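# Descriptive analysis of the structure
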Amino acid sequence: MAEAKPLYDTYMRAPLRFERGEGVWLIAEDGRRYLDFAAGVAVNSLGHAHPHLVQALKDQAEKVWHLSNLYEVPGQETLATRLTQATFADKVFFTNSGAEALECAIKTARRYQFSKGHPEKFHIITFEGAFHGRTLATIAAGGQEKYLEGFGPKAPGFYQVPFGDMPALKDAINDETAAILIEPIQGEGGIRVVPKEFLEELRALCDEYGLLLIFDEVQCGIGRTGKLFAYEWSGIAPDIMAVAKGIGGGFPLGACLATADAASGMIAGTHGSTYGGNPLAMAVGNAVLDVVMEDGFLDHVRNVSLVFRQGLASIADRFPDVIESVRGDGLMLGLKAKVPSAELLQAIRAEHMLAVPAGENVIRLLPPLTVTAEEAREGMARLERAAERVRAENLKASA
Ligand SMILES: *Cc1c(COP(=O)(O)O)cnc(C)c1O
């Protein structure tokens, strides 16, 4: 009899079963140790079982798990105050995931135009290669056919232009446009960094036409690039920003940040969430910020990133038949593969190391931000052996 499979078949899972983690390591049921340079796709920002996060969660678990947003939740006020003091934003709405943070960002932008007397302005312009989540609105925003197919008509109000195509973007702006939505560094799209000049032009266009600029920092935010948020490198601030992944360090948590003006349409009763801003999530989110905002932490991220990036460039130089180039910022790095990236990923896994596939034949390297230079060197040694494996196999195949 065929084995019953009670789970949805939506995920193509690797046959790996991990039972615990320690820092940058994941330990499988059979005791094998894997170097985790995927970090749950940039989620485990402080690695696994970070003592400060474990303690914060335990302490909160003994007090209260859930309150409704019918009441005041002090942890929300603390975390929101810290986020607004550290960013462009004045207001925060808490969610449980990245897609929900984007939903809030989209609703905030539409409601802003509505409340300014422009209900017809509800279109959001996005960029090819984008990924904004898997809800019906966010697959429409992401615009990727593989995620849209078969789910009925694409939610209206999303218009997509090619990545980096300023003339197409200018053409796309019309009387119905509410906002422009962009990841400062595309994650799933293949670690594509948006140039500073492009963000500057977006800001100028938004100001000229009364549009809101929305940044999706779900993957690139919370210290990943060596600044608290990636947009800080450009000096360009958005009006609205979606955050998730790293801010919870592995606990489900997201946030939508906005200026007071951008959030002005979101009055009482317009939006809500049962679990959003739950005390457990707030305890962990505040604990993540305790560490990430500590003096020297982001310097550490930048320093390790330099070591890692130089090493990767040297591997790419020595294996031009396997790796075409290195891209990205901080600890959000990508290896553009010369061979099919699935082959390289498999070889990396054979070296007991975890990385993440992405678009454009890129392998994403997203280690915990706590990774040490020594651990980064261990990662490079494994990547080098993986590249050797791929080369040897290809030589064998062509012999
Ligand atoms: C992961 C991701 C999302 C979606 O987050 P979920 O928590 O999976 O809903 C949205 N935007 C970006 C850039 C992401 O990387």
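Residues numbered from 1 in each chain as written. Predicted model: local features only at pLDDT ≥ 70, side-chain atom pairs only at ≥ 80, totals over all residues. Heavy atoms only, no water.

Per an unreviewed UniProt entry, the protein is named Acetylornithine aminotransferase, and its organism is Pararhizobium capsulatum DSM 1112. Looking at the protein in UniProt, the text filed under Pathway (unreviewed entry) is "Amino-acid biosynthesis; L-arginine biosynthesis; N(2)-acetyl-L-ornithine from L-glutamate: step 4/4." (UniProt positions renumbered as here; feature names shortened; annotations may be inferred.)

## With respect to the packing of helix α11 (residues 341-350) against helix α12 (residues 373-398)
Relative orientation of the contacting elements α11 and α12 amounts to 125 degrees, with a least axis distance of 8 Å. As the angle between them shows, α11 and α12 are arranged oblique. Note on packing geometry: the crossing formed by α11 with α12 is right-handed. Where α11 approaches α12, its residues Glu343, Leu344, Ala347, Ile348 and Ala350 are matched on the opposing element by Leu383, Ala386, Arg389, Val390 and Asn394. Across the contact of α11 with α12, the residue classes tally to 7 nonpolar, 1 polar and 2 charged. (Axes fitted to C-alpha atoms, helices over the stretch in contact; angles between N-to-C directions. Helix = DSSP H or I, 4+ residues; strand = E, 2+ residues; numbered from the N terminus. Parallel < 35°, antiparallel > 145°, perpendicular 65-115°, else oblique. Left-handed = near helix turned anticlockwise from the far one by under 90°. Contact = heavy atoms within 4.5 Å. Nonpolar A, V, L, I, M, F, W, Y, C, P; charged D, E, K, R; others polar.)

## Points about the UniProt feature "binding site: N(2)-acetyl-L-ornithine" (unreviewed entry) in the protein
Those residues carrying the UniProt feature "binding site: N(2)-acetyl-L-ornithine" (unreviewed entry) are Arg134 and Ser273 in this numbering. Position of Arg134 relative to the elements: it lies in the loop between β5 (123-127) and α5 (136-142). Its location among the elements puts Ser273 in the loop between β12 (254-258) and α9 (279-292). Here Ser273 is in contact with Asn69, Phe93, Asn96 and Glu100, once residues within four sequence places are set aside.

## Description of unusual backbone geometry
Non-glycine residue Ala42 carries a positive phi angle of around 65 degrees. Overall, the relative accessible area of 3% leaves Ala42 in the buried class. The phi dihedral of Glu360 falls on the positive side, at around 60 degrees, and the residue is not glycine. Along the chain, Glu360 turns up in the loop between β16 (356-358) and β17 (362-365). (Buried < 20%, exposed > 50% of the residue type's maximum accessible area, 1.4 Å probe, protein only.)

## Considering the packing of aromatic side chains
Any two aromatic rings considered together are summarised by their centre-to-centre distance and by the angle between their planes. Summed over the entire model, instances satisfying the criterion amount to 7 aromatic pairs. Taking the ring centre of Tyr147 as reference, the NZ or CZ of Arg134 above it sits at 3.9 Å. The ring of Trp233 has Lys227 lying over it, and the distance from NZ or CZ to the ring centre is 4.8 Å. (Phe/Tyr/Trp six-rings, centres within 6.5 Å; stacked < 30°, edge-to-face > 60°. Lys NZ or Arg CZ within 6 Å of the ring centre and 35° of its normal.)

## Details of the environment of Ala392
Considering the arrangement of structural elements, one finds Ala392 in helix α12. Residue Ala392 is classed as partly exposed on the basis of its relative accessible area of 43%. Measuring from C-alpha to C-alpha, the distance between Ala392 and Arg364 comes to 23 Å, with 28 residues separating the pair along the chain.

## Digging into the UniProt feature "binding site: pyridoxal 5'-phosphate" (unreviewed entry) in the protein
Per the UniProt record, "binding site: pyridoxal 5'-phosphate" (unreviewed entry) is found at Gly98, Ala99, Phe131, Asp216, Glu217, Val218, Gln219 and Thr274. In summary, the annotated positions, distributed over 177 residues, remain apart in three dimensions as well, the widest C-alpha pair reaching 25.0 Å. In this structure, Glu217 sits in the loop between β10 (212-216) and β11 (240-243). By relative accessible area, which is 0% here, Glu217 ends up buried. Not counting chain neighbours up to four residues away, the residues in contact with Glu217 comprise Pro184, Phe229, Ala230, Tyr231, Met241, Ala242 and Val243. Within the element layout of this structure, Thr274 appears in the loop between β12 and α9. For Thr274, the residues in contact, after removing those within four places along its chain, are His66 and Asn69.

## Considerations on the site of the ligand
With respect to spatial proximity, the complete set of residues near the ligand consists of Ser97, Gly98, Ala99, Phe131, His132, Gly133, Glu183, Asp216, Val218, Gln219 and Lys245. Asp216 places a side-chain nitrogen or oxygen 2.7 Å from a nitrogen atom of the ligand. Starting from 380 Å² of accessible surface for the ligand in isolation, the protein chains cover 81%. Looking at the shell around the ligand, its residues break down into 3 nonpolar, 5 polar and 3 charged. (Near = heavy atom within 4 Å. Polar contact = N/O pair within 3.5 Å; in protein donor to acceptor, adjacent residues only side chain to side chain. Areas by Shrake-Rupley, 256 points an atom, 1.4 Å probe, with all protein chains shown as cover.)

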